[in-house]
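Chain by chain, the residues:
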Amino acid sequence: MSQFRNFFLLGALSVASFPSLAQSADDGLANTTWVLCERAQPGEGQARDALVFDADGSGRVIRAQGNVAFRYQRQGNAIALSPPGARQAVMLDMEAGDARMLLRGPDGRQIASYARQGSAAMARCTAR
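Source: prediction; values computed, not measured. (Residues numbered from 1 in each chain as written. Predicted model: local features only at pLDDT ≥ 70, side-chain atom pairs only at ≥ 80, totals over all residues. Heavy atoms only, no water.)

### Topic: the pairing of strand S5 (residues 78-82)
Phase 1 of the analysis: The buried fraction of S5 is high, at 4 of 5 residues.
Phase 2 of the analysis: Where strand S4 (residues 68-75) and S5 come together, 5 bridges link them in antiparallel fashion. Of the residues in S5, the one forming a bridge with Gln75 is Ala78.
Phase 3 of the analysis: A loop of 2 residues connects S4 with S5, the two strands running antiparallel in sequence, and Gly76 in this loop sits at a positive phi of about 65 degrees.
Phase 4 of the analysis: As defined by bridge partners, S5 adjoins strand S6 (residues 90-94) across 4 bridges and the pair is classed as antiparallel. Among the inter-strand pairings, Leu81 is bridged to a residue of S6, identified as Val90. (Buried < 20%, exposed > 50% of the residue type's maximum accessible area, 1.4 Å probe, protein only. Helix = DSSP H or I, 4+ residues; strand = E, 2+ residues; numbered from the N terminus. Pairing = 2+ DSSP bridges.)

Here it is as structure tokens:
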């Protein structure tokens, strides 16, 4: 099962409570790329994916199996990603300093982390 599929399947169990998916360029995510940094269950042959956030509130997951579009909303340290047709958003938590975001499962365990491309956090990444 691909990392992205795990990402959306496990994240879909989280509940998002954002009133709309309108987004502004001052959210700290606009025009940034986030690269998969760590995953809870490393697997042979799993390609490293990336999250790209555009200024208009849209984005995409860049992955070897094909890109997947989403809309996003940031409220404080919580980020909701909503792919087309999804009933619930995938939730990520932004760490202090806005250099790393965490994807957690329903039980609170970290499933994966993403580092802002070009940040010092990239040096600590284990996913290749």
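That shown, we press on.
### So, the pairing of strand S3 (residues 58-62)
Phase 1 of the analysis: Note that strand S2 (residues 50-53) and S3 share 4 bridges and pair antiparallel. Within S3, the residue paired with Ala50 across the bridge is Ile62.
Phase 2 of the analysis: The antiparallel hairpin formed by S2 and S3 contains 4 residues in its connecting segment, where Gly57 sits at a positive phi of about 90 degrees.
Phase 3 of the analysis: In terms of strand pairing, S3 meets S4 through 4 bridges, oriented antiparallel. Looking at S4, one finds that Val61 is bridged to Val68.
Phase 4 of the analysis: With antiparallel pairing between neighbouring strands as the criterion, S3 and S4 make up a hairpin whose turn holds 5 residues, including Gly66 at a positive phi of roughly 120 degrees.

### Things to note about the state of the cysteines
Phase 1 of the analysis: All told, the structure shown has 1 disulfide when counted by the stated rule.
Phase 2 of the analysis: The residue that forms a disulfide with Cys37 is Cys125, at a sulfur-sulfur distance of 2.2 Å. In this structure, the disulfide formed by Cys37 and Cys125 twists by about -105 degrees around the S-S bond and is classed as left-handed. Placement of the pair is Cys37 in strand S1 (residues 32-39) and Cys125 in the segment after strand S8 (110-116), with a sequence separation of 88 residues. (Disulfide = S-S within 2.5 Å.)

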